Amino acid sequence: MKYSFLGKSLIVERAGKRTFVVGDLHLGYDEGLRSSGVFIVSNLFEETKKELTSLLEKAGQVDEIILLGDLKHIFGQILTSEWKEIFAIIELLRMYCSKIIFIKGNHDVIMEPIAKRYGVLLYDYYLLGNCAFLHGDRDFPEIYDAKITCWVVGHAHPAISIQEGVKNEKYKCFLVVLYKRKKVIVLPSFFPGSQGIDIKLQDLGLIWPLDVKRGRVFVVNDTQEVLDFGALETILGP
């Protein structure tokens, strides 16, 4: 298996086939805030759609697309905006690939009606060759099989703060770390509403106790370029 970073997405190549992977879109967030009485003027859905289109264009031919969970934002119900936004995203993805896979995240308690209506595949986890794709909030015995050497997960929304003089900014990032002889690739959230959780300061909230300090950090900058920042323990210093 070969993998490469493309903006906030991951391209996995295996046996001549290419898989496009993104995590944590949190569709319906805008309406969720408005319904709770919070006024916002941004349109996070249009921003998500624009970024996703740009990356799909850059990715070129892919054989399947995997969404790593938390496709929707609101727990316990499906908002009208979530139906509309998910349908629009599915239509967009189908312009580039016919095989679309949804992985259930902790926000996706009610996903079966959506998957059934729009004809997409829905899994708790998905195995492809030596790679397991899952959200990261739940564990499964099958992913520990000896033939599985890599896990690709979302859920954590990893980011890192970088200081230059008096300027301190937070950037989304990928984190690659070993756990029980498995390479774990943690994707940044695709959701544009926040940068995420600073991996230098907070626990990632994944189901496994990853040794984050020994992980390798790949920062996504403002132009969607991915930069290798090396091991986190080196960034933190002595």
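Please read all numbers here as calculations on a predicted model, not as lab measurements.

(A) Quick look at the packing of aromatic side chains. Taken as a whole and judged by the stated rule, the model has 10 aromatic pairs. Taking the centre distance of 5.3 Å and the plane angle of 40 degrees together, the rings of Tyr-123 and Tyr-126 count as tilted. The class of Tyr-123 is partly exposed, set by a relative accessible area of 31%. Under the relative-accessibility criterion, Tyr-126 is labelled buried at 10%. Three or more aromatic residues joined by ring pairs form one cluster here, namely Tyr-3, Phe-5, Phe-174 and Phe-218. Its guanidinium or amino end placed over the ring of Phe-190, Lys-8 lies 4.6 Å from that ring's centre, counting from NZ or CZ.

(B) Here's a closer look at the nonpolar core. Core analysis: the largest hydrophobic core is formed by 32 residues, its most contacted members being Phe-20, Leu-52 and Phe-102. Elements with a minimum of two residues in this core: strand 3 (17-22), helix 2 (44-59), strand 4 (64-67), helix 3 (80-94), strand 5 (100-103) and helix 4 (112-118). The element contributing the most residues to this core is helix 3, with seven residues. When sequence neighbours within four positions are dropped, the list of residues in contact with Phe-102 reads Leu-67, Leu-71, Ile-86, Ile-90, Met-111, Ile-114, Val-120, Leu-121, Leu-122 and Tyr-123. Ile-148, Leu-204, Trp-208 and Leu-210 belong to the second largest nonpolar core, which has 26 residues in total.

(C) Spatial organisation of the layout of surface pockets. Approximately 150 Å³ is the volume attributed to the largest pocket. Every residue along the wall of the largest pocket is listed here: Lys-8, Glu-47, Glu-51, Tyr-171, Lys-172, Pro-192, Gln-195, Val-220, Asn-221, Asp-222 and Gln-224. At the level of elements, helix 2 and strand 11 (167-179) are the ones that each hand at least two residues to the lining of the largest pocket. Of the residues assigned to the lining of the largest pocket, the class counts are three nonpolar, three polar and five charged.

(D) How the structure looks around the pattern of salt bridges. All told, the structure shown has seven salt bridges when counted by the stated rule. Between Glu-233 and Arg-214 there is a salt bridge, and its shortest N-O distance comes to 3.9 Å. One end of the pair, Glu-233, is in helix 5 (residues 232-236); the other, Arg-214, is in the loop between strand 13 (197-198) and strand 14 (216-220), with 19 residues separating them in the sequence. One connected set of salt bridges, linked through shared partners, spans Asp-211, Arg-214 and Glu-233.

(E) View of the side chain of His-155. Residue placement: His-155 occurs in the loop between strand 9 (150-153) and strand 10 (158-164). In terms of polar contacts, His-155 uses its side chain to reach the backbone carbonyl oxygen of Gly-205, at 3.3 Å. Beyond its immediate stretch of four places on either side in the chain, His-155 contacts Asp-24, Asp-70, Asn-106, His-135, Gly-136, Asp-137, Gly-205 and Leu-206.

(F) Molecular detail of the sheet that holds strand 3. Within the open sheet, the six strands sit side by side as 1-2-3-4-5-6. Their pairing is mixed. Here the strands that pair on one side only, and so sit at the sheet edges, are strand 1 (2-6) and strand 6 (121-123). The sheet shows a mean angle of 25 degrees between the axes of neighbouring strands, taken without regard to direction. Pairing analysis gives four bridges linking strand 3 to strand 4, with the strands arranged parallel. Looking at the pairing, Val-22 lines up with Leu-67 of strand 4. Set on the sheet, helix 2 makes contact with strand 1, strand 2 (9-14), strand 3 and strand 4; between it and strand 3 the angle comes to about 165 degrees. Against the sheet, helix 3 makes contact with strand 4 and strand 5, and its axis sits at roughly 140 degrees relative to strand 5, the strand it touches most.

The rules behind the values
Residues numbered from 1 in each chain as written. Predicted model: local features only at pLDDT ≥ 70, side-chain atom pairs only at ≥ 80, totals over all residues. Heavy atoms only, no water. Phe/Tyr/Trp six-rings, centres within 6.5 Å; stacked < 30°, edge-to-face > 60°. Buried < 20%, exposed > 50% of the residue type's maximum accessible area, 1.4 Å probe, protein only. Lys NZ or Arg CZ within 6 Å of the ring centre and 35° of its normal. Core = buried A, V, L, I, M, F, W, Y, C linked by side-chain atoms within 4.5 Å. Helix = DSSP H or I, 4+ residues; strand = E, 2+ residues; numbered from the N terminus. Contact = heavy atoms within 4.5 Å. 1 Å grid on protein atoms, 1.4 Å probe; cavity = no way out; pocket = protein on both sides within 12 Å on 5 of 7 lines; lining within 4 Å. Points joined across faces, edges and corners; volume = space filled by probe spheres on them. Nonpolar A, V, L, I, M, F, W, Y, C, P; charged D, E, K, R; others polar. Salt bridge = Lys/Arg side-chain N within 4 Å of Asp/Glu carboxyl O. Polar contact = N/O pair within 3.5 Å; in protein donor to acceptor, adjacent residues only side chain to side chain. Pairing = 2+ DSSP bridges. Axes fitted to C-alpha atoms, helices over the stretch in contact; angles between N-to-C directions.

Coordinates in, geometry out; function isn't part of it.
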